[in-house]
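Below are the chains, spelled out letter by letter.
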Amino acid sequence: MASLIPVAEAADPRLDDYRDLTTADRRPDRPGGRGLVIAEGVVVVRRLIASPFPVRSLLGVARRFDELGADLDALDVPAYVTDAATMAEAVGFHLNRGVLAVADRAPRPAVDDLVRDARLLAVLEGVNDHENLGALFRNAAALGVDGVLLGPRCSDPLYRRSVRVSMGHVLRVPFTELDGPWPGALDGLRAAGLRVAALTPAPDALPLSGSGLAGQRVALLLGAEGPGLSAEAMAAADLRVRIPMAAGVDSLNVATAAAVAFHTVGHP
């Protein structure tokens, strides 16, 4: 069980993992310059505890640890108990969720392992907004997506804001970076038996509901909000598909569009 340890001073060195969280996503002292995995709030901390990511410690007010209850039984790490003011001084801002946990990063799966038995994959190009990325992972978890493959110019799904917006689902949906040059790496997905479909608002693309993708093994390409997919990614896809929309609306938020597409493709 996690050891509850009272902490009275924000400067206590045992809280260094939590210090100044506004810049903690990048750490030059960590592998690849990437920070620790940080979970905020009871729900997300609970999902971190249940994930493959090795928890290092927790920090929170007493009542939040009471809410976590039995979840702490599976841990053998320190849980630092303090008050809200001390916690805010340590992390650099007021945290109304009242509890944090930090973990080391876990190894990512190999692309081949993620693709082998997948029925539906999301493949991202240039999705670099942390909140959009987190929302997309939450939708992927809810709608049965087997994994997420990161192409070029994507944000790190384990950034603190992405973890928070996903409600911790980035910790349960497998993801990894595609190997090789882009978009040539898509050939490996096609060779593994997936149809590669590019989602675009272009009016000459096939309506998603009439594309014949439902029930097939599909790798769904999604681009950043605004620029969308590159011309090279579009050309590398087997087909282009769109979500029909009312006149006067040119596009959807990428996480919203992904949710519609995940449901349509994944539910024959």
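Residues numbered from 1 in each chain as written. Predicted model: local features only at pLDDT ≥ 70, side-chain atom pairs only at ≥ 80, totals over all residues. Heavy atoms only, no water.

**Focus on the sheet that holds strand β2 (residues 37–40)**
Right, so step 1: Spatially, the 5 strands line up as an open sheet ordered β1-β4-β3-β5-β2, and their pairing is mixed. Every other strand in the sheet has two partners, leaving β1 (3–6) and β2 as the edge strands with one partner each. Sheet twist, expressed as the mean angle between neighbouring strand axes with direction ignored, is 20°.
Right, so step 2: Two strands pair when backbone bridges link them, and strand β3 (residues 55–60) and strand β5 (residues 99–103) are joined in this way by 5 bridges, in the antiparallel orientation. Across the sheet, Val55 pairs through a bridge with Ala103, a residue of β5.
Right, so step 3: Contacts between helix α1 (residues 42–49) and the sheet are confined to β2, β3 and β5, with β5 contributing the most and set at about 25° to the helix. (Pairing = 2+ DSSP bridges. Helix = DSSP H or I, 4+ residues; strand = E, 2+ residues; numbered from the N terminus. Axes fitted to C-alpha atoms, helices over the stretch in contact; angles between N-to-C directions. Contact = heavy atoms within 4.5 Å.)

**Some words on helix α5 (residues 130–142)**
Residue pairs spaced three or four apart in an α-helix point in one direction, given the helix's 3.6 residues per turn.
Right, so step 1: Compared with an ideal rise of 1.5 Å per residue, which puts 13 residues at 18 Å, α5 spans 19 Å between its outermost C-alpha atoms and is within 8% of the ideal.
Right, so step 2: For α5, every residue scored as buried is listed here: His130, Asn132, Leu133, Gly134, Leu136, Phe137, Ala140 and Ala141.
Right, so step 3: Buried residues along α5 sit against β6 (120–125), β7 (147–150), α6 (160–165), β8 (175–177), β11 (218–223) and α9 (254–266).
Right, so step 4: In this structure Asp129 caps α5, since a side-chain oxygen of it lies 3.0 Å from the backbone nitrogen of Glu131.
Right, so step 5: Gly144 occupies a position one or two residues after α5 and carries a positive phi of about 80°. (Expected span 1.5 Å × (residues − 1). Buried < 20%, exposed > 50% of the residue type's maximum accessible area, 1.4 Å probe, protein only. Polar contact = N/O pair within 3.5 Å; in protein donor to acceptor, adjacent residues only side chain to side chain.)

**Some words on the pairing of strand β9 (residues 195–199)**
Right, so step 1: In terms of residue burial, β9 counts as a mostly covered element, since 4 of its 5 residues are buried.
Right, so step 2: Taken together, the 4 bridges between β9 and β11 define a ladder with parallel strand orientation. Each residue of the ladder has a partner; that of Ala198, found in β11, is Leu221.
Right, so step 3: In the sheet, β9 pairs with strand β12 (residues 239–242) via 3 bridges, with the strands oriented parallel. Its bridge partner being in β12, Ala197 is matched across the sheet by Leu239.

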